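Read off the chains here:
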Amino acid sequence: MTKVALRSYALLPRQYDERKVLASTIDPWGRALWLICPDTRFPYKWAGRDVPAPTRLPFDALVVISDQGAIREQPLHKVAVDPGALDALPGGGFVVSGDEGPNARSGQIFGPDGRSRRRFPLGTHLTHLVADRRSGFWTGYADEGIYSDDRVSAQGLVRWDDRGNHAWAMRPPAPYHHVADINTINVSDTTVHATYWPAPVLVEMGTGGIRRIRRIPVSNPFGLAIRGDRLLLLAGDEPGSGTPARPDAVHRLRLTDDGAVVTARENLVFPNGDPVTRYARPVSRGPHVFLHSLRTLRQWWVLTAP
């Protein structure tokens, strides 16, 4: 089987303490963001890394922004949640999400000046928070949230405007109406693609709702890149293929009117040839899948659909 290598994408400069990074992402403009808390504690280890948490709430944070290597800083004042995810919003603001239990005010919107504009319920067991350039942001949830008593998480996949107002929730028609876990969300300027469990389908959406649903031969992928009629899925399983699911599996597919066919299979490696065996949940945007390791939030890598 052939190999496909990740490319280095962004690196947190060494003058910043990577152990104090609470969340990181690649925003709609391709900039790398790191949210840093200056006063942290380390309540537990996970995947060999000391996991930081703010010593107190609220706290003042620093967002480090890398735009093709050019670095700037944006303070955020009075962050009132323990951030697990963030993204940049149209208009220059930011959205931050914590996880504080069902129906809690776990989301917070900040303006371009870094000051808090609003706190609101953003769901529990959030696994995807991805903004777009034009209208707002999208959130997706794990099964623990969908089957909890949380009103937002129960909707599975939700679109919000840039002020944190609920705009739309995905409700696929039968026979694909059972949404138990959102696997992937890919957000571009005008289109969002998502996969979910248990139905092995690719849903194409705009800001007004579902446009098309295609059945695909790969279930439970972890990352998704799309360019025209070419689809790239990271990890996942091909039922009936006899090939076990692996985190380094890359499936290349060609889209048809109502489905997709696998055209190639590859193994994902780092630039030095080492296998990619573990990573955090990727950020998927258009033809790119961005990912980082579990041990550090300092380095971002990218896999791009041809």
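Details of the structure are given in the entry above.
Position numbers for residues count from 1 along each chain, tracking the sequence in the order it is written. Under the rules for a predicted model, residues below a pLDDT of 70 receive no local features and side-chain atom pairs below 80 are neither given nor counted, while totals for whole chains, interfaces and linings still include all residues. Only hydrogens and water are set aside when side-chain values are computed; all heavy atoms of the structure are taken into account.

Notes on the pattern of salt bridges
So, point 1. Salt bridges are defined as contacts in which a side-chain nitrogen from Lys or Arg sits within 4 Å of a carboxyl oxygen from Asp or Glu. A full pass over the atoms with the stated rule returns 14 salt bridges.
So, point 2. In this structure, the salt-bridge partner of E204 is R214, at a minimum N-O distance of 3.7 Å. With E204 in strand β19 (residues 201-206) and R214 in strand β20 (residues 209-215), the pair connects residues that are 10 residues apart, well separated along the chain.
So, point 3. In this structure, E238 and R265 form a salt bridge, with 2.8 Å as the shortest nitrogen-oxygen distance. One end of the pair, E238, is in the loop between β22 (230-234) and β23 (249-255); the other, R265, is in strand β24 (residues 260-269), with 27 residues separating them in the sequence.
So, point 4. A relative accessible area of 9% places E238 in the buried class. Labels follow the DSSP assignment, with helices taken as runs of H or I lasting at least four residues and strands as runs of E lasting at least two, numbered in each case from the N terminus. Burial classes: relative accessible area under 20% of the type maximum marks a residue as buried, over 50% as exposed, and values in between as partly exposed (1.4 Å probe, protein chains only).

Concerning the environment of D27
So, point 1. With respect to the helices and strands, D27 occurs in the loop between β3 (21-26) and β4 (32-36).
So, point 2. Taking the C-alpha atoms as reference points, D27 and L89, separated by 62 residues in sequence, lie 8.4 Å from one another.
So, point 3. When residues no more than four places from it in sequence are discounted, the contact partners of D27 are L33, D87, A88 and R285.
So, point 4. Polar side-chain contacts of D27 include one of 2.9 Å to the backbone nitrogen of W29. We call two residues contacting when some pair of their heavy atoms lies within 4.5 Å. By the criterion applied in these results, polar contacts are pairs of N or O atoms within 3.5 Å in which, for protein atoms, one can donate a hydrogen and the other can accept it, and in which residues neighboring in sequence qualify only through two side-chain atoms.

Considering the sheet that holds β22
For sheets, the rule is that strands pair by backbone hydrogen bonds, running either parallel or antiparallel.
So, point 1. Between any two strands, at least two bridges found by DSSP are needed for them to pair. As summarised here, the arrangement of the 5 strands in space is β1-β24-β23-β22-β21, forming an open sheet in which the pairing is mixed. Strands with a single pairing partner mark the edges of an open sheet, and in this sheet they are β1 (2-5) and β21 (223-227). Taking each pair of neighbouring strands and ignoring which way they run, the sheet shows an average axis angle of 35 degrees.
So, point 2. Two strands pair when backbone bridges link them, and β1 and β24 are joined in this way by 4 bridges, in the parallel orientation. Looking at the pairing, V4 lines up with L268 of β24. In this analysis, axes come from line fits to C-alpha atoms, helices being fitted only over the stretch in contact, and the angle between any two N-to-C directions falls in the range 0 to 180 degrees.

Description of the sheet that holds strand β7 (residues 59-67)
So, point 1. Taking strand neighbours across the sheet as the criterion, the 4 strands line up as β3-β4-β7-β8 in an open arrangement whose pairing is antiparallel. Looking along the sheet, the strands with just one partner apiece sit at the ends: β3 and β8 (70-79). Across the sheet, the mean angle separating the axes of adjacent strands is 20 degrees when strand polarity is ignored.
So, point 2. Relative to β4, β3 runs antiparallel, the two being bridged by 5 bridges. Looking at β4, one finds that A23 is bridged to L35.

Some thoughts on the environment of V79
So, point 1. With respect to the element layout, V79 can be found in strand β8.
So, point 2. For the pair V79 and Q108, spaced 29 residues apart in sequence, the C-alpha to C-alpha distance is 7.7 Å.
So, point 3. Those residues within four positions of V79 in sequence are excluded, and the remaining contacts are L57, P58, F59, A61, Q108 and F110.

A word on the side chain of E238
So, point 1. Polar contacts involving the side chain of E238 include one to the side chain of H251, which spans 2.9 Å.
So, point 2. A polar atom in the side chain of E238 sits 2.8 Å from the side chain of R265.
So, point 3. Setting aside its immediate chain neighbours within four residues, E238 contacts P217, V218, H251, V262 and R265.

As for unusual backbone geometry
So, point 1. Each neighbour pair has its own omega, and for L57 with P58 the value is -10 degrees, a cis peptide bond.
So, point 2. In this structure, P58 sits in the loop between β6 (49-54) and β7.
So, point 3. Here A174 and P175 are connected by a cis peptide whose omega angle stands at 5 degrees.
So, point 4. Within the secondary structure, P175 sits in the loop between β16 (166-169) and β17 (179-187).
So, point 5. Located in the positive-phi region is A47, a residue other than glycine, with phi close to 55 degrees.
So, point 6. Relative to the helices and strands, A47 is located in the loop between β5 (40-46) and β6.
So, point 7. Since its relative accessible area comes to 21%, A47 is described here as partly exposed.
So, point 8. Of note, H125 is a non-glycine position whose phi angle comes to about 55 degrees, a positive value.
So, point 9. Here H125 is to be found in the loop between β12 (116-120) and β13 (126-131).

Describing the nonpolar core
So, point 1. Residues belong to a common nonpolar core when they are buried Ala, Val, Leu, Ile, Met, Phe, Trp, Tyr or Cys residues joined through side-chain atoms within 4.5 Å. F137, M170 and M205 are the most contacted members of the largest nonpolar core, which totals 31 residues.
So, point 2. Listing elements by their share of this core, those giving two or more residues are β13, β14 (136-141), β15 (157-161), β17, β18 (192-198) and β19.
So, point 3. Residues contacting M170, with those up to four places away along its chain left out, are Q155, L157, V179, I182, Y196, V203, M205 and I210.

Description of the pairing of strand β27 (residues 299-304)
So, point 1. The element β27 is largely enclosed, with a buried count of 5 among its 6 residues.
So, point 2. For strand β2 (residues 7-11) and β27, the ladder comprises 4 bridges, and the chain directions are antiparallel. By the bridge assignment, R7 is partnered in β27 with V302.
So, point 3. In this structure, strand β26 (residues 288-291) lies alongside β27, joined through 4 bridges in antiparallel fashion. By the bridge assignment for β27, F290 is matched with V302.

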